[in-house]
Amino acid sequence: KDYLYTNPDILVTLLGGHDDGRFMSEKGATIAGLKLAHAFVLTTRGVPQLYYGDEIAMTGPDEPTTREDFPGGPRTKEERELFEYIRRLIALRRELEPLRTGPLINLYVSEQQYVYARGKVIVALNNEDKQAEISFDTDLADGMVMHDRLGGSPDLVVTGRRVRMKLPKRSAAIFVRKDQ
(Lines give C-alpha, C1' and ligand atoms only; values in the text may rest on other atoms or scores of the structure.)
Protein backbone atom coordinates (compact mmCIF):
# COMPACT_ATOMS: atom_id res chain seq x y z
CA LYS A 1 0.00 0.00 0.00
CA ASP A 2 2.95 2.35 -0.58
CA TYR A 3 0.78 4.35 -2.98
CA LEU A 4 -1.19 5.66 0.00
CA TYR A 5 1.81 7.67 1.22
CA THR A 6 3.63 10.62 -0.26
CA ASN A 7 6.96 9.14 0.90
CA PRO A 8 6.70 5.57 2.24
CA ASP A 9 10.47 5.53 2.89
CA ILE A 10 9.97 7.70 5.96
CA LEU A 11 7.29 5.60 7.65
CA VAL A 12 8.18 4.46 11.17
CA THR A 13 9.23 0.81 11.56
CA LEU A 14 8.88 -0.72 14.99
CA LEU A 15 8.54 -3.96 16.94
CA GLY A 16 6.04 -2.65 19.43
CA GLY A 17 5.14 0.22 21.68
CA HIS A 18 3.26 1.08 24.84
CA ASP A 19 -0.07 -0.19 23.46
CA ASP A 20 1.23 -3.53 22.11
CA GLY A 21 2.68 -6.56 23.82
CA ARG A 22 6.47 -6.65 23.91
CA PHE A 23 8.34 -9.02 21.60
CA MET A 24 9.67 -11.12 24.48
CA SER A 25 6.13 -11.81 25.72
CA GLU A 26 5.16 -13.50 22.46
CA LYS A 27 4.88 -17.31 22.55
CA GLY A 28 8.24 -18.87 21.62
CA ALA A 29 10.16 -15.57 21.72
CA THR A 30 13.92 -15.86 22.17
CA ILE A 31 16.85 -13.49 22.44
CA ALA A 32 18.06 -14.77 19.05
CA GLY A 33 14.69 -13.86 17.55
CA LEU A 34 14.77 -10.44 19.19
CA LYS A 35 18.23 -9.82 17.73
CA LEU A 36 16.95 -10.74 14.24
CA ALA A 37 13.94 -8.47 14.66
CA HIS A 38 16.14 -5.54 15.69
CA ALA A 39 18.52 -6.25 12.79
CA PHE A 40 15.56 -6.00 10.42
CA VAL A 41 14.10 -2.83 11.97
CA LEU A 42 17.50 -1.08 11.95
CA THR A 43 18.39 -2.02 8.35
CA THR A 44 15.12 -1.92 6.44
CA ARG A 45 13.64 1.23 4.95
CA GLY A 46 11.87 3.69 7.16
CA VAL A 47 12.60 5.42 10.43
CA PRO A 48 13.31 2.87 13.17
CA GLN A 49 11.66 3.27 16.55
CA LEU A 50 12.99 1.34 19.52
CA TYR A 51 10.74 1.12 22.57
CA TYR A 52 12.51 1.51 25.89
CA GLY A 53 13.39 -1.79 27.50
CA ASP A 54 13.43 -3.84 24.29
CA GLU A 55 17.22 -3.40 24.28
CA ILE A 56 17.40 -5.56 27.43
CA ALA A 57 14.51 -7.93 26.55
CA MET A 58 11.88 -6.55 28.93
CA THR A 59 8.58 -8.41 28.91
CA GLY A 60 4.99 -7.20 29.10
CA PRO A 61 2.19 -9.00 27.28
CA ASP A 62 -0.22 -6.05 27.13
CA GLU A 63 -0.86 -2.50 28.19
CA PRO A 64 -0.23 -1.54 31.09
CA THR A 65 2.49 -4.18 31.66
CA THR A 66 4.37 -2.81 28.64
CA ARG A 67 4.80 0.46 30.58
CA GLU A 68 6.60 -1.01 33.60
CA ASP A 69 9.52 0.92 35.04
CA PHE A 70 12.91 0.33 33.50
CA PRO A 71 14.74 -2.01 35.89
CA GLY A 72 17.73 -0.74 37.81
CA GLY A 73 20.73 -2.66 38.99
CA PRO A 74 23.26 -4.75 37.13
CA ARG A 75 22.31 -6.38 33.84
CA THR A 76 22.45 -10.11 33.25
CA LYS A 77 24.97 -11.48 30.75
CA GLU A 78 22.15 -11.99 28.24
CA GLU A 79 20.90 -8.42 28.71
CA ARG A 80 24.42 -7.00 28.22
CA GLU A 81 24.97 -9.06 25.04
CA LEU A 82 21.63 -7.94 23.57
CA PHE A 83 22.29 -4.30 24.49
CA GLU A 84 25.75 -4.39 22.85
CA TYR A 85 24.35 -6.10 19.72
CA ILE A 86 21.73 -3.36 19.29
CA ARG A 87 24.34 -0.68 19.97
CA ARG A 88 26.46 -2.19 17.18
CA LEU A 89 23.51 -2.22 14.76
CA ILE A 90 22.80 1.44 15.53
CA ALA A 91 26.47 2.32 14.94
CA LEU A 92 26.43 0.52 11.58
CA ARG A 93 23.22 2.31 10.57
CA ARG A 94 24.86 5.63 11.44
CA GLU A 95 28.11 4.72 9.61
CA LEU A 96 26.67 3.09 6.46
CA GLU A 97 24.58 5.75 4.71
CA PRO A 98 22.76 3.22 2.45
CA LEU A 99 21.16 1.68 5.55
CA ARG A 100 19.44 5.02 6.09
CA THR A 101 18.68 6.18 2.56
CA GLY A 102 19.41 3.43 0.04
CA PRO A 103 16.57 1.90 -1.95
CA LEU A 104 15.45 -1.52 -0.71
CA ILE A 105 15.80 -4.28 -3.29
CA ASN A 106 14.77 -7.86 -2.49
CA LEU A 107 17.50 -10.32 -3.49
CA TYR A 108 16.33 -13.58 -1.92
CA VAL A 109 13.09 -14.38 -0.12
CA SER A 110 12.10 -17.71 1.43
CA GLU A 111 10.14 -18.81 4.48
CA GLN A 112 13.14 -18.57 6.85
CA GLN A 113 15.70 -16.44 4.97
CA TYR A 114 15.51 -12.90 3.64
CA VAL A 115 18.28 -11.06 1.80
CA TYR A 116 17.95 -7.49 0.55
CA ALA A 117 20.16 -4.69 -0.66
CA ARG A 118 20.17 -1.14 0.60
CA GLY A 119 22.32 0.53 -2.04
CA LYS A 120 25.61 -1.41 -2.09
CA VAL A 121 25.01 -2.93 1.36
CA ILE A 122 23.55 -6.45 1.52
CA VAL A 123 21.56 -7.51 4.58
CA ALA A 124 20.94 -11.23 5.14
CA LEU A 125 18.67 -12.76 7.79
CA ASN A 126 18.44 -16.46 8.64
CA ASN A 127 15.58 -17.30 11.00
CA GLU A 128 16.15 -21.06 10.80
CA ASP A 129 17.60 -23.17 13.63
CA LYS A 130 20.30 -24.45 11.29
CA GLN A 131 22.86 -22.99 8.93
CA ALA A 132 21.47 -21.85 5.59
CA GLU A 133 23.29 -21.93 2.27
CA ILE A 134 21.70 -19.69 -0.33
CA SER A 135 22.62 -18.14 -3.66
CA PHE A 136 21.17 -15.49 -5.92
CA ASP A 137 22.00 -13.42 -8.99
CA THR A 138 23.39 -9.93 -8.55
CA ASP A 139 24.57 -6.93 -10.55
CA LEU A 140 27.76 -6.70 -8.46
CA ALA A 141 31.10 -7.01 -10.29
CA ASP A 142 32.73 -10.42 -10.60
CA GLY A 143 35.49 -10.89 -8.06
CA MET A 144 34.07 -8.37 -5.59
CA VAL A 145 34.70 -9.49 -2.02
CA MET A 146 32.17 -8.55 0.65
CA HIS A 147 32.72 -8.69 4.41
CA ASP A 148 30.11 -9.16 7.16
CA ARG A 149 30.35 -6.12 9.43
CA LEU A 150 28.53 -8.03 12.17
CA GLY A 151 31.28 -10.64 12.00
CA GLY A 152 29.26 -13.85 12.07
CA SER A 153 29.37 -14.93 8.42
CA PRO A 154 32.30 -15.67 6.11
CA ASP A 155 33.32 -13.24 3.35
CA LEU A 156 31.44 -13.43 0.04
CA VAL A 157 33.03 -13.46 -3.40
CA VAL A 158 30.89 -12.55 -6.40
CA THR A 159 31.43 -15.22 -9.08
CA GLY A 160 29.70 -15.18 -12.44
CA ARG A 161 27.39 -12.39 -11.24
CA ARG A 162 26.18 -14.77 -8.51
CA VAL A 163 26.50 -14.62 -4.72
CA ARG A 164 26.65 -17.72 -2.56
CA MET A 165 26.49 -17.34 1.19
CA LYS A 166 26.45 -19.44 4.32
CA LEU A 167 24.51 -17.96 7.19
CA PRO A 168 24.78 -19.35 10.72
CA LYS A 169 21.55 -20.38 12.42
CA ARG A 170 19.30 -17.56 13.70
CA SER A 171 21.66 -14.84 12.51
CA ALA A 172 21.91 -11.57 10.64
CA ALA A 173 24.75 -10.34 8.42
CA ILE A 174 25.50 -6.91 6.96
CA PHE A 175 27.82 -7.24 3.98
CA VAL A 176 29.85 -4.38 2.50
CA ARG A 177 32.73 -4.30 0.03
CA LYS A 178 35.79 -5.56 1.88
CA ASP A 179 37.75 -2.35 1.32
CA GLN A 180 35.03 -0.25 3.05
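Everything below is about the structure printed above this text.
(A) Structural detail: the sheet that holds strand E4 (residues 113-118). Pairing is antiparallel across the open sheet formed by 6 strands, whose spatial order is E3-E4-E5-E10-E7-E8. Either end of the sheet is taken by a strand with one partner, and the two such strands are strand E3 (104-109) and strand E8 (156-157). The pairing of strand E7 (residues 145-148) with E8 spans 2 bridges and is antiparallel. Within E8, the residue paired with Met146 across the bridge is Leu156.

(B) Up close: helix H1 (residues 31-43). The terminal C-alpha atoms of H1 lie 18 Å apart, and with 13 residues this matches the ideal 18 Å at 1.5 Å per residue to within 8%. Within H1, 10 of the 13 residues are buried, leaving the element largely enclosed by the surrounding structure. Among the residues making up H1, those that are buried are Ile31, Gly33, Leu34, Leu36, Ala37, His38, Ala39, Val41, Leu42 and Thr43.

(C) Representation of the packing of H1 against helix H2 (residues 77-95). Packing of H1 against H2 brings their axes to within 10 Å, and their N-to-C directions diverge by 15°. Considered as vectors, H1 and H2 are oriented roughly parallel to each other. H1 and H2 meet at a crossing whose hand is right-handed. Contact with H1, carried on its side by Ile31, Leu34, Lys35, His38, Ala39, Leu42 and Thr43, involves Glu78, Leu82, Tyr85, Ile86, Leu89, Ile90 and Arg93 of H2 and no other residues of that element. Residues that form the contact of H1 with H2 fall into these classes: 9 nonpolar, 2 polar and 3 charged.

Thresholds, definitions, all that
- Residues numbered from 1 in each chain as written.
- Predicted model: local features only at pLDDT ≥ 70, side-chain atom pairs only at ≥ 80, totals over all residues.
- Heavy atoms only, no water.
- Pairing = 2+ DSSP bridges.
- Helix = DSSP H or I, 4+ residues; strand = E, 2+ residues; numbered from the N terminus.
- Expected span 1.5 Å × (residues − 1).
- Buried < 20%, exposed > 50% of the residue type's maximum accessible area, 1.4 Å probe, protein only.
- Axes fitted to C-alpha atoms, helices over the stretch in contact; angles between N-to-C directions.
- Parallel < 35°, antiparallel > 145°, perpendicular 65-115°, else oblique.
- Left-handed = near helix turned anticlockwise from the far one by under 90°.
- Contact = heavy atoms within 4.5 Å.
- Nonpolar A, V, L, I, M, F, W, Y, C, P; charged D, E, K, R; others polar.

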